[in-house]
Amino acid sequence: MIVTDSPIKKSVLLGITGGIAAYKAAEFARLLIQDGFEVQTVMTEAACHFLGPATLQALTGKPVYARLWDEAVNNSMAHIELSRATDVILVAPASADFIAKIAHGLADDLLSTLCLARNCPLMVAPAMNRQMLENPATQRNLTILQKDHITVLGPAYGIQACGETGMGRMLEPQALLEAVRNFFQPGLLQGKRVLITAGPTFEAIDAVRGIINLSSGKMGYALTQAALEAGAEVTLISGPVCLTSPVVKKLIPITNANDMFTAVKNEVTFNDIFISVAAVADYRPAIAHTQKIKKSDNTMVLELVPNPDILQYVANLPAPPFCVGFAAETEDIDQNAESKRRKKKLPLLVANLAQEAMGTDDSTLILFDEKGKHTLPKAAKIDQARHLIEHIATLYQQYPN
Ligand code: C5P
């Protein structure tokens, strides 16, 4: 009988199959342990070619199982014992071959057999070359997994070990950790769809010049992260920033306000909550020259035309999502923010002092809603984002749908 060290700890059976992404499984195991989970590792034979079982044993403090007929398991029924002793099985990386096996109920090694024998939920994090992923056979198998209520985490887009770029990368260990956390503790926004705009917009003057608001995108990306942690499905529409996005359902990069407006109009009806963090330029040049304007000694006059107010448009839709606005003010925060909230008909507006928040890693936030004003004292933007998501979730629950 496999006995867990502490009955209180939640246990994860980490399955590792053969693939270069197996090296990330070690980091994932470390994060799980650090987060207080009990981790039992089971590796396929191929996985052992990529990663030594001793590494996982050292990280998890438990022997690693790899063979179906492991004598170390009391009654030699490792597949039953292991699958009964865990709350969830997560296979990361899950190779194309392993996914095919699970889809068709094959059981020819310890990991596939215990997955078939399981009485707990199963999650898989695919990792493979983009063409293996695109292959109709793999796509069919993934559809079968979803029909069988097996959670498929990712995969992500990016550079692959083979040198190609595309879909097929395993989710990063931190994103997998979030998936496990959400599994055990459904978040405040579990299953809710959240649309976020972040970063600045860039309004071209000519081929090389433009108007841009100062915005690092840090707050919008921190909110994206916090919404994901709360279990939301996030679509992120982002202006040009130097940040890597968390793993979202959909990432739409845009450059100017009109493109952001089009993207928001396309996405908004599918969402429950709209958080407009983007520093949208209020004006754009009437003409964006395609060639570089030649320098001269004369004064240059630039004609600017107003951009659409995206948030106002969304908040005025016949059935708007729950809308949250942001306002960076340089003075009279209370008065400016509250009048902006009323003008745009927002249930919640978040204000900060522009000079304090711009590009920094922490800020003070002042929330304005129907009940008045609440201050979130200065703290790291990710912590502010988590508090803000809690506040949004509370208001959203009371919001008339
Ligand atoms: O620029 P302003 O202070 O009015 O921004 C308040 C809110 O309105 C922000 O949430 C911003 O994202 C949004 N906004 C917008 N479209 C604009 C200007 C601002 O969606 N053209």
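Residues numbered from 1 in each chain as written. Predicted model: local features only at pLDDT ≥ 70, side-chain atom pairs only at ≥ 80, totals over all residues. Heavy atoms only, no water.

Within an unreviewed UniProt entry, the label attached to the protein reads Coenzyme A biosynthesis bifunctional protein CoaBC, and the organism entered is Nitrosomonas communis.

**Student:** Help me understand the overall build of the protein, please; the structure alone is not making it clear to me.
**Tutor:** Across its full length, the protein carries 15 helices and 19 strands. Taken along its principal axes, the extent of the C-alpha atoms in the protein is 85 × 50 × 40 Å. The buried share of the protein, reckoned over its 401 residues, is 50%. Counting every atom, the protein has about 19600 Å² of accessible surface; 54% of that belongs to carbon and sulfur. One finds the centroid of the 36 positive side-chain charges in the protein at a distance of 4 Å from the centroid of its 40 negative side-chain charges. (Helix = DSSP H or I, 4+ residues; strand = E, 2+ residues; numbered from the N terminus. Buried < 20%, exposed > 50% of the residue type's maximum accessible area, 1.4 Å probe, protein only. Areas by Shrake-Rupley, 256 points an atom, 1.4 Å probe, with all protein chains shown as cover. Lys, Arg positive; Asp, Glu negative; His and termini not counted. Charge placed at Lys NZ, Arg CZ, Asp CG, Glu CD.)

**Student:** Quick question: what am I supposed to make of the sheet that holds strand E17 (residues 348–353) here?
**Tutor:** Consider a sheet: its strands pair through backbone hydrogen bonds, and that pairing is either parallel or antiparallel. Strand order in the open sheet formed by eight strands is E12-E11-E8-E13-E16-E17-E18-E19, and the pairing between neighbours is mixed. Only two strands of the sheet have a single neighbouring strand rather than two, namely strand E12 (250–253) and strand E19 (372–380). The sheet shows a mean angle of 15° between the axes of neighbouring strands, direction not considered. Where E17 meets strand E18 (residues 362–369), four bridges bridge the pair, whose relative direction is antiparallel. What sits directly across from valine 350, in E18, is leucine 367. Contacts between helix H11 (residues 257–267) and the sheet are confined to strand E8 (193–198), strand E11 (233–238), E12 and strand E13 (273–276), with E8 contributing the most and set at about 175° to the helix. (Pairing = 2+ DSSP bridges. Axes fitted to C-alpha atoms, helices over the stretch in contact; angles between N-to-C directions. Contact = heavy atoms within 4.5 Å.)

**Student:** Any chance you could explain a nonpolar patch on the surface here in plain terms?
**Tutor:** Taken together, the side chains of Tyr283, Met300, Leu302 and Leu304 define a hydrophobic patch exposed on the protein surface, amounting to about 390 Å² of accessible area. Of note, tyrosine 283 is situated in strand E14 (residues 283–285). (Patch = residues over 30% accessible without salt bridge, like charges linked within 9 Å, V, L, I, M, F, W, Y side chains within 5 Å. Salt bridge = Lys/Arg side-chain N within 4 Å of Asp/Glu carboxyl O.)

**Student:** Would you take a moment to explain the side chain of serine 83 for this structure?
**Tutor:** Position of serine 83 relative to the elements: it lies in helix H4 (residues 78–84). Overall, serine 83 belongs to the buried group, its relative accessible area being 0%. Side-chain polar atoms of serine 83 contact the backbone oxygen of isoleucine 80, separated by 3.2 Å. Not counting chain neighbours up to four residues away, the residues in contact with serine 83 comprise Ala78, Leu114, Ala117, Arg118, Asn119 and Cys120. (Polar contact = N/O pair within 3.5 Å; in protein donor to acceptor, adjacent residues only side chain to side chain.)

**Student:** Any chance you could explain the environment of phenylalanine 37 here in plain terms?
**Tutor:** Note on placement: phenylalanine 37 falls in the loop between helix H1 (22–34) and strand E2 (38–43). In this structure the C-alpha to C-alpha distance between phenylalanine 37 and phenylalanine 274, which are 237 residues apart in sequence, comes to 34 Å. Among all residues touching phenylalanine 37, those that are not within four sequence positions of it are Lys10, Val12, Leu32, Leu177, Val180 and Phe184.

**Student:** Where do I start with the side chain of glutamate 329 in this structure?
**Tutor:** Inspection of the secondary structure assignment puts glutamate 329 in strand E16 (residues 322–329). At a separation of 3.5 Å, a polar atom in the side chain of glutamate 329 contacts the side chain of asparagine 336.

**Student:** Explain the pattern of salt bridges to me, please; I cannot follow it from the model alone.
**Tutor:** Pairing of side chains with opposite charge becomes possible as their charged atoms draw close. Under the defined criterion, the tally for this structure stands at 20 salt bridges. Of the charged contacts, one joins glutamate 329 and lysine 340 as a salt bridge, the two residues approaching to 2.8 Å between their closest N and O atoms. With a gap of eleven residues between them, glutamate 329 in strand E16 and lysine 340 in helix H13 (residues 333–344) connect regions that are remote in the sequence. Within the structure, one salt-bridge network assembled from shared partners comprises Glu338, Arg341, Arg342 and Glu370.

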